[in-house]
Amino acid sequence: SAEEFAAGFKKTMAFQPRVLKQNRGSSGEGIWIIKLKSGNYCKTFGERSCTDDEVLSMMEANDNHAEEHTVAELIEFCVNGRTDKSGTWTSKGVGKYLEGGKAAGGQLVDQRFCPRIVEGELRYNCVGDALVGIIHKKPAEGGISAVSGTGSIYTFYGPDEP
């Protein structure tokens, strides 16, 4: 529910940088790397929750653009999209990530941000149980996302290459 999302996000965000992902698409739209602008993280999970007016520094994975919003604006955008309460967004997306509920794919994943993502990620492509290739996807310098079209570098390896 919107209430569960808001309470849970405020608690996790107060603890450490996050990645917030919508459950639709694979182009990076609606995938946000989020940090507290103040850097005021608590030492122990659950020690505190963010307030609505804390400022978030955010980067969207589809194009690595940066935005700043308050916690309340982000929650409003995720739940209701562009409204008077969500502030002004430069994202191409419309928000409303919970729209339609689980049956329609309206879900969000809130996960810990792994800073080593700048080293890239490996995709192992298989057909059945046979490896057919490996792709190393490395974000462009200064970026965090390796989504196609963001200047990221893709290196392709055959299944038998070291």
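This write-up is about the structure you can find in this document. Not measured: the values here are computed from a predicted model.

### Comments concerning the pairing of strand β3 (residues 55–60)
In step 1: With 5 bridges connecting them, strand β2 (residues 31–36) and β3 associate as antiparallel partners. Residue pairing for β3: Trp 32 is matched across the bridge by Glu 60.
In step 2: Where β3 and strand β4 (residues 66–70) come together, 5 bridges link them in antiparallel fashion. Opposite Ser 57, over in β4, you have Glu 68 as the bridge partner.

### What to know about the layout of surface pockets
In step 1: Here the second largest pocket defines a volume of roughly 300 Å³.
In step 2: Considering the residues around the second largest pocket, the lining is formed by 13 residues, among which Ser 1, Phe 5, Leu 98, Gln 107 and Leu 108 are closest to the centre.
In step 3: Looking at the lining of the second largest pocket, the elements that each hand over two or more residues are α1 (2–15) and β5 (108–112).
In step 4: Of all the elements, α1 adds the most residues to the lining of the second largest pocket, at 5 residues.
In step 5: Looking at the lining of the second largest pocket residue by residue, the classes come out as 5 nonpolar, 5 polar and 3 charged.

### Re the nonpolar core
In step 1: Among the nonpolar cores identified, the biggest contains 22 residues, and Phe 5, Phe 9, Leu 20, Ile 34, Leu 56 and Leu 74 are the most heavily contacted of them.
In step 2: Elements represented by at least two residues in this core include exactly α1, β2, β3 and α2 (71–80).
In step 3: Look past the residues within four positions of Phe 5 in its chain and what remains in contact with it is Leu 20, Ile 75, Cys 78, Val 79, Leu 98 and Leu 108.
In step 4: By size, the runner-up hydrophobic cluster in this structure holds 6 residues, among which are Met 59, Ala 61, Phe 113 and Ile 144.

### Focus: the sheet that holds strand β7 (residues 130–138)
In step 1: With antiparallel pairing, 3 strands are arranged side by side in an open sheet as β6-β7-β8. Edge strands, defined here as strands with exactly one partner in the open sheet, are β6 (121–127) and β8 (153–157). Ignoring strand direction, the axes of neighbouring strands in this sheet form an average angle of 20°.
In step 2: Where β6 lies against β7, 7 bridges are found, and the strand directions are antiparallel. Following the sheet pairing, Cys 126 is matched in β7 by Leu 131.

### A closer look at the pattern of salt bridges
In step 1: Considering all chains together, one arrives at 7 salt bridges under this definition.
In step 2: Of the charged contacts, one joins Asp 110 and Arg 18 as a salt bridge, the two residues approaching to 2.7 Å between their closest N and O atoms. Of the two residues, Asp 110 is situated in strand β5 and Arg 18 in strand β1 (residues 18–22); the sequence distance between them amounts to 92 residues.
In step 3: We classify Arg 18 as buried; its relative accessible area is 7%.
In step 4: We note a salt bridge from Glu 54 to Arg 48, for which the minimum N-O separation is 3.0 Å.
In step 5: Residue classification places Glu 54 among the buried positions, given a relative accessible area of 14%.
In step 6: The class of Arg 48 is partly exposed, set by a relative accessible area of 21%.
In step 7: Ionic contacts of the salt-bridge type, sharing partners, join the residues Glu 121, Arg 123 and Lys 137 into one network.

### Observations concerning α2
In step 1: Burial analysis of α2 places 7 of its 10 residues in the buried class, the great majority of the element.
In step 2: Of the surrounding elements, those touching the buried residues of α2 are α1, β1, β2, β3, β4 and β5.
In step 3: Following α2 by one or two positions, Gly 81 has its phi on the positive side, about 80°.

### Quick look at the side chain of Ser 86
In step 1: Here Ser 86 is to be found in the loop between α2 and β5.
In step 2: Residue class for Ser 86 comes out buried when judged on its relative accessible area of 0%.
In step 3: Within the local environment of Ser 86, its side chain forms a polar contact with the backbone oxygen of Gly 81, the two atoms lying 3.4 Å apart.
In step 4: Not counting chain neighbours up to four residues away, the residues in contact with Ser 86 comprise His 69, Glu 73, Glu 76, Phe 77 and Gly 81.

Rules and cut-offs
- Residues numbered from 1 in each chain as written.
- Predicted model: local features only at pLDDT ≥ 70, side-chain atom pairs only at ≥ 80, totals over all residues.
- Heavy atoms only, no water.
- Pairing = 2+ DSSP bridges.
- Helix = DSSP H or I, 4+ residues; strand = E, 2+ residues; numbered from the N terminus.
- 1 Å grid on protein atoms, 1.4 Å probe; cavity = no way out; pocket = protein on both sides within 12 Å on 5 of 7 lines; lining within 4 Å.
- Points joined across faces, edges and corners; volume = space filled by probe spheres on them.
- Nonpolar A, V, L, I, M, F, W, Y, C, P; charged D, E, K, R; others polar.
- Core = buried A, V, L, I, M, F, W, Y, C linked by side-chain atoms within 4.5 Å.
- Buried < 20%, exposed > 50% of the residue type's maximum accessible area, 1.4 Å probe, protein only.
- Contact = heavy atoms within 4.5 Å.
- Axes fitted to C-alpha atoms, helices over the stretch in contact; angles between N-to-C directions.
- Salt bridge = Lys/Arg side-chain N within 4 Å of Asp/Glu carboxyl O.
- Polar contact = N/O pair within 3.5 Å; in protein donor to acceptor, adjacent residues only side chain to side chain.

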